[in-house]
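Close look at the chain arrangement
Spelled out from the first residue to the last, the chains are:
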Amino acid sequence: MTAILAGVICLVIMLMIMPGLIRYLHKIKFGQTEREEGLESHKKKNGTPTMGGLAFILVPTIIYIAGSFILPDMRFSQNILIILLAYVGYGLIGFLDDYIIVVKKDNEGLKPGAKFLLQAVLAIIFFMIYRSGSSTEIWIPLADIYIDLGWAYFLLVVLMFTAETNAVNLTDGIDGLCAGLMVIALVPFAVFASVQHQYPVLVLIIMVIASLIGYLRFNLHPAKIFMGDTGSLALGGFIAAVAMVLKQELLLVIIGFVFVAEVLSVIIQVTHFKRTGKRIFRMAPLHHHFEKGGMTETAVVHRFWAAGILLAALGLLLYFL
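So, a few notes on the structure that sits alongside this text. (Residues numbered from 1 in each chain as written. Predicted model: local features only at pLDDT ≥ 70, side-chain atom pairs only at ≥ 80, totals over all residues. Heavy atoms only, no water.)

This brings us to the pattern of salt bridges. By the definition in use, this model includes three salt bridges. Asp229 serves as the salt-bridge partner of Lys115, at 3.4 Å between the closest nitrogen and oxygen. One end of the pair, Lys115, is in helix H4 (residues 112–131); the other, Asp229, is in helix H8 (residues 228–245), with 114 residues separating them in the sequence. Overlapping salt bridges bring together Asp97, Lys115 and Asp229 as one network. (Salt bridge = Lys/Arg side-chain N within 4 Å of Asp/Glu carboxyl O. Helix = DSSP H or I, 4+ residues; strand = E, 2+ residues; numbered from the N terminus.)

With that settled, the discussion passes to the nonpolar core. One finds Phe161, Phe189 and Ile205 to be the most contacted residues of the largest nonpolar core, which totals 96 residues. It is helix H7 (residues 199–219) that contributes the most residues to this core, 13 residues altogether. In contact with Phe161, not counting residues within four places along its chain, are Ala86, Tyr90, Ala123, Phe126, Gly237, Ala240, Ala241 and Met244. (Core = buried A, V, L, I, M, F, W, Y, C linked by side-chain atoms within 4.5 Å. Buried < 20%, exposed > 50% of the residue type's maximum accessible area, 1.4 Å probe, protein only. Contact = heavy atoms within 4.5 Å.)

Turning our attention to unusual backbone geometry. The amide bond that connects His221 to the next residue, Pro222, takes the cis arrangement and shows omega of -5°. Structurally, the position occupied by Pro222 is in the loop between H7 and H8. In the segment running from Ala284 into Pro285, the intervening peptide bond is cis, with an omega of 5°. Relative to the assigned elements, Pro285 resides in the loop between helix H10 (257–276) and helix H11 (286–292).

Pasting the structure below:
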C-alpha cells in the first residue's frame with residue numbers, strides 16, 4: 001500500500017511540474033544540440049529542452065527522504081543509501097556533462113576519459129559501502145547456486161556500473177525509448193524486491209517507475225523535453241545499484257539486454273570500422289540503424305519496448321525457475 005501511495009504521489013507531482021520545467025528550460029535556453037553527423041530527421045529537435053532527468057531524480061528522492069521519517073516501509077538502510085547515492089551521484093555527472101554541452105552549444109560535453117573516471121570512482125565508493133555489510137556472492141540463475149567472488153566482486157561492480165550507465169546513456173536517442181525501456185526493466189526488480197521482503201527498495205523502485213511514467217507523458221514523440229545525460233546516467237546507476245543490492249547482477253544483463261545491445265553495436269561498429277574502414281550497421285547505436293533503414297521513430301520505439309518486455313519476462317522466468 002505504501003508503494004502504491006508513494007508512486008501515485010510521484011506521478012501526480014511529475015504531471016504537475018513538468019510543464020513548468022519545460023517552460024523554464026526554454027526560457028534559459030537549455031536546449032538540445034543535435035550532432036552535425038546525426039540523422040537529418042533529428043536536426044529539427046535542436047532547441048528542445050534537455051536535463052528533464054532532474055525532475056524524475058529529485059521528485060522520488062525528496063519524497064522518499066521525507067517519507068523515511070514517518071513510514072516504516074520507507075526507512076533508510078545501507079541498501080537504500082547505495083541506491084540513492086548511485087541515482088543522485090551519476091545524475092550529477094550527467095548534469096555536469098549536459099551543462100557543458102548547453103553552454104558550448106555542441107555535443108562534446110565531458111571528455112570520455114573524465115566521465116569514465118568519475119563513473120568508476122563512484123562505483124568504487126558504492127563497493128566500499130556495500131562490502132562493509134554485505135556478501136560478495138553472486139547468484140547463478142537456473143543452477144540456483146551462489147559463487148563467492150571475494151575481491152573479484154569489486155571488478156564486477158565497477159564494470160556493472162560503468163557499463164550500465166553508458167549503455168543507458170547510448171539508448172537515449174529516440175523520443176520515449178530510454179524511459180520506456182527503463183520502466184519495463186524495473187518491473188522485474190520490483191517483483192524481486194517484494195519476494196525478498198525488501199520493502200523499502202520496492203517502494204523506491206515503484207516511485208522511480210511512477211516518476212518515469214509522468215516524464216514519458218512529455219517525452220513521447222514528438223518529445224517536448226529530453227532527459228539528457230542527467231537522466232540517462234542516473235537511471236543506469238539506479239538499476240545497477242538495485243541489481244547489486246538484490247543480488248541479481250547476472251539477471252541485469254538479461255533483463256536489460258536491449259541496453260547491452262545498444263552499447264555493443266557501438267563497440268562493434270567502431271572496432272570494425274577501425275580495422276576495415278567499413279561499417280556493419282548503417283549507423284550506431286542500434287536504434288539509429290533501424291531509423292536509417294527507413295523505420296519511423298515510433299516504430300523503432302515500439303519494437304524495442306516489445307523486446308524489453310520479452311526480456312523482462314525471461315528474467316522473471318529464470319528467477320522463479
